[in-house]
Amino acid sequence: MASISEMYDVGWEEMRDKLRKWREDNCRNSEQIVDVGEELISEHSSKLGDDVWIIYEQVMIAALDCSRDDLALTCLQELRKQFPDSHRVKRLSGMRLEALERYDEANKHYDSILQDDPTNTSARKRKISILKAQGKTAEAIRELNEYLEQFVGDQEAWHELSELYINEHDYGKAAFCLEELMMSNPHNHLYCEQYAEVKYTQGGLENLELSRKYFAQALRLNNRNMRALFGLYMSASHIAASPKVSAKVKKDNMKYAGWAATQINRAYKLAGRGTKESKCSMKAVEEMLESMQITMS
Amino acid sequence: MPIQLTSQAYCKMVLHAAKYSHCAVNGLLVAEKTKEKKKDSHGEPILCVDCVPLFHGTLALAPMLEVALTLIDTWCKENNYVIAGYYQANERSQDSRPNQVAEKVAARISENFSEAAIVMVDNSRLTMSCFEPIVHIYDHHENKWKGREVTFDCFEDWSEAQKITSALLEGRSYENLIDFDNHLDDLRNDWTNPVINKSVLDLC
């Protein structure tokens, strides 16, 4: 099998830079990381300088994702040699045990880190991940809530908690988590849009109106967010179709839905330029919007 | 009455699960619309010719699901298909039972198609070679979803399905699989997956 550098005609610097980009964007494209990283560390490790350690860490985690325990162990051993007493490396050992489903041993690892350093957030979060992996969702939620009482600013944790609540269909509490995230990240269109989706799912006229407002807000922050555009269309349509609203509210929402429909059609036309295949989905969108207009009026 | 899967439907389902092995995934199964049901067609299997991969990650939110169902329903009407089932692969590998989301979507599908089925992918048995079918099929009986024994009869041609799925998994075709989430990220992504469909056809 040809090497990555041969297949894509790239040098080791480009491979290293690609790995850095994936690190910064927090991508979970583990197979690609393993392919690129494995070649980089086996053939060019001497050229990487101090970057090599963070690359070992990145490749190790990706290897665990791909069940490549051989590669993971190689990376881990290099890191252990270089950083013998490090908690960060100990956490990686724990993650390897998790990947092998040896959860009790992994927990012991994390507990010993926490005995040494009770403020170590990574170890605590790994313990919560173990609960999630074992299907102990209620406990995971409880532990995560306790964690967040201490570490109120941990965005990743708030987002994880919102997802756990959504999966348990506890939309009210999920909304609360997303509210925390929106407060600390007022310009993040994705949190706005997810909050709107949760409110929509909760249902009821008040929640639908809130959801429409937040879909609109997400669009204001990023006018290319298709989910927000569709969401605005759906929520406005449902409000307009509701028998409980006044004539004015109905008229306003039909206007919003009409605007959203035009934007959706425009977005599809722009995307469909030059391709025959997407004409079918464009037609489907037009028909869907038309059929919903009929039910609204 | 019971559903049957073609190679294309089965393999795209498995590719979807393989692409997002760390998430839950779901999608819809479509069958060709037949004319009025004959009285003696009771017991004839319904052939699911294709599937449309929907979402990965958080499956329990309503708005995009509604958009997808409406859009795909319109697409089905144009192509003489009908939405006949729903598939899901859960996030955890040991968990392959249908949950509330699966039951809700399937109930919605059942409003238009009375014999809708739920197909759950068994993550724990997902391998490159796929020597045996890795799905569980559930039918609606007396208000409950009951699992049915999966035999080779549940497939139009199991050995073909196995061969094609295994070949596409090894070739990492799942990297090019488009689901509805990918489509919402970039409208140019085509959720009908013409490229993968062609690969399947080429291997038939």
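Before reading further, recall that the structure is shown in the block above.
Residues numbered from 1 in each chain as written. Chains lettered and ligands numbered in written order. Predicted model: local features only at pLDDT ≥ 70, side-chain atom pairs only at ≥ 80, totals over all residues. Heavy atoms only, no water.

## With respect to the sheet that holds strand 6 (residues 135-141) of chain B
Residue and element names in this part refer to chain B. The sheet built from seven strands is open, its strands ordered 1-3-2-4-5-6-7 with mixed pairing. Where the open sheet ends on each side, the last strands, each with one partner, are strand 1 (3-5) and strand 7 (144-148). Averaged over all neighbouring strand pairs, the angle between strand axes comes to 40°, with direction disregarded. Pairing geometry for strand 1 and strand 3 (residues 46-56), over three bridges, is parallel. (Pairing = 2+ DSSP bridges. Helix = DSSP H or I, 4+ residues; strand = E, 2+ residues; numbered from the N terminus. Axes fitted to C-alpha atoms, helices over the stretch in contact; angles between N-to-C directions.)

## Topic: the nonpolar core
Residues Tyr 10 and Ile 72 of chain B are the most contacted members of the largest nonpolar core, which totals 126 residues. Ignoring any residue separated from it by four or fewer positions in sequence, one finds Tyr 10 of chain B in contact with Leu 5, Glu 132, Pro 133, Ile 134, Val 135, Phe 155, Trp 158, Ala 161 and Thr 165 of chain B. Grouped together as the second largest cluster of nonpolar side chains are 36 residues, Val 36, Ile 41, Val 59 and Tyr 103 of chain A included. (Core = buried A, V, L, I, M, F, W, Y, C linked by side-chain atoms within 4.5 Å. Buried < 20%, exposed > 50% of the residue type's maximum accessible area, 1.4 Å probe, protein only. Contact = heavy atoms within 4.5 Å.)

## Concerning the pattern of salt bridges
Residue and element names in this part refer to chain A. Enumeration according to the criterion identifies 30 salt bridges over all chains in this entry. Between Arg 16 and Asp 17 there is a salt bridge; the shortest N-O distance is 3.4 Å. Looking at Asp 17, the relative accessible area reads 33%, which means it is partly exposed. Here the salt bridges do not stand alone but share partners, grouping Arg 16, Asp 17 and Arg 20 into one network. (Salt bridge = Lys/Arg side-chain N within 4 Å of Asp/Glu carboxyl O.)

## A few points about the packing of helix 8 (residues 121-133) of chain A against helix 9 (residues 137-150) of chain A
Residue and element names in this part refer to chain A. Viewed as axis vectors pointing N to C, helix 8 and helix 9 meet at an angle of 160°, and their least axial separation amounts to 8 Å. Of the possible angle classes, the one that applies to helix 8 and helix 9 is roughly antiparallel. For the crossing formed where helix 8 meets helix 9, the hand is left-handed. Contacts between helix 8 and helix 9 involve Thr 121, Arg 124, Lys 125, Ile 128, Leu 131 and Lys 132 from the former and Glu 139, Ala 140, Glu 143, Leu 144, Glu 146, Tyr 147 and Gln 150 from the latter. Its residues assigned to classes, the contact of helix 8 with helix 9 comprises five nonpolar, two polar and six charged. (Parallel < 35°, antiparallel > 145°, perpendicular 65-115°, else oblique. Left-handed = near helix turned anticlockwise from the far one by under 90°. Nonpolar A, V, L, I, M, F, W, Y, C, P; charged D, E, K, R; others polar.)

## Overview of the packing of aromatic side chains
Overall, the coordinates contain 14 aromatic pairs over all chains when judged by the stated rule. Geometrically, the ring pair formed by Tyr 195 of chain A and Tyr 214 of chain A is edge-to-face, given 4.7 Å between the ring centres and 75° between the ring planes. Highlighted residues: Tyr 195 of chain A in helix 12 (residues 189-202) and Tyr 214 of chain A in helix 13 (residues 205-221), separated in sequence by 19 residues. According to the relative accessible area criterion, Tyr 195 of chain A is buried, its value standing at 3%. Ring geometry for Phe 180 of chain B and Trp 191 of chain B: centres 6.3 Å apart, planes at 55°, overall tilted. Of this pair, Phe 180 of chain B sits in helix 5 (residues 180-185) while Trp 191 of chain B sits in the loop between helix 5 and helix 6 (194-203), and the two are 11 residues apart along the sequence. We note that Phe 180 of chain B, like Trp 191 of chain B, is buried. (Phe/Tyr/Trp six-rings, centres within 6.5 Å; stacked < 30°, edge-to-face > 60°.)

## Digging into the interface of chain B and chain A
Note: interface size is frequently given as the accessible area lost on complex formation between the parts. Tallying the contact residues gives 31 residues for chain B and 35 residues for chain A. Taken together, both faces of the contact between chain B and chain A bury some 3,100 Å²; the carbon and sulfur share is 60%. Our count for the contact surface shared by chain B and chain A stands at four salt bridges. The partner of Arg 172 of chain B in a salt bridge is Asp 35 of chain A, with the nearest N and O atoms 3.0 Å apart. Taken together, the links from chain B to chain A amount to 11 residue pairs in polar contact (both at pLDDT 80 or more). (Buried area = accessible area lost by both parts, 1.4 Å probe. Polar contact = N/O pair within 3.5 Å; in protein donor to acceptor, adjacent residues only side chain to side chain.)

## Side note on helix 12 of chain A
Relative to the 20 Å expected for 14 residues at 1.5 Å per residue, helix 12 of chain A spans 20 Å between its end C-alpha atoms, a close match to the ideal helical length. Within helix 12 of chain A, 12 of the 14 residues are buried, leaving the element largely enclosed by the surrounding structure. Close packing links the buried residues of helix 12 of chain A with helix 10 (155-167), helix 11 (171-184), helix 13 and helix 14 (226-241) of chain A together with helix 2 (62-78) of chain B. Where helix 12 of chain A begins, the side chain of Asn 188 of chain A points an oxygen toward the backbone nitrogen of Leu 190 of chain A, at a separation of 2.8 Å. A positive phi of about 80° marks Gly 203 of chain A, the residue just after helix 12 of chain A. (Expected span 1.5 Å × (residues − 1).)

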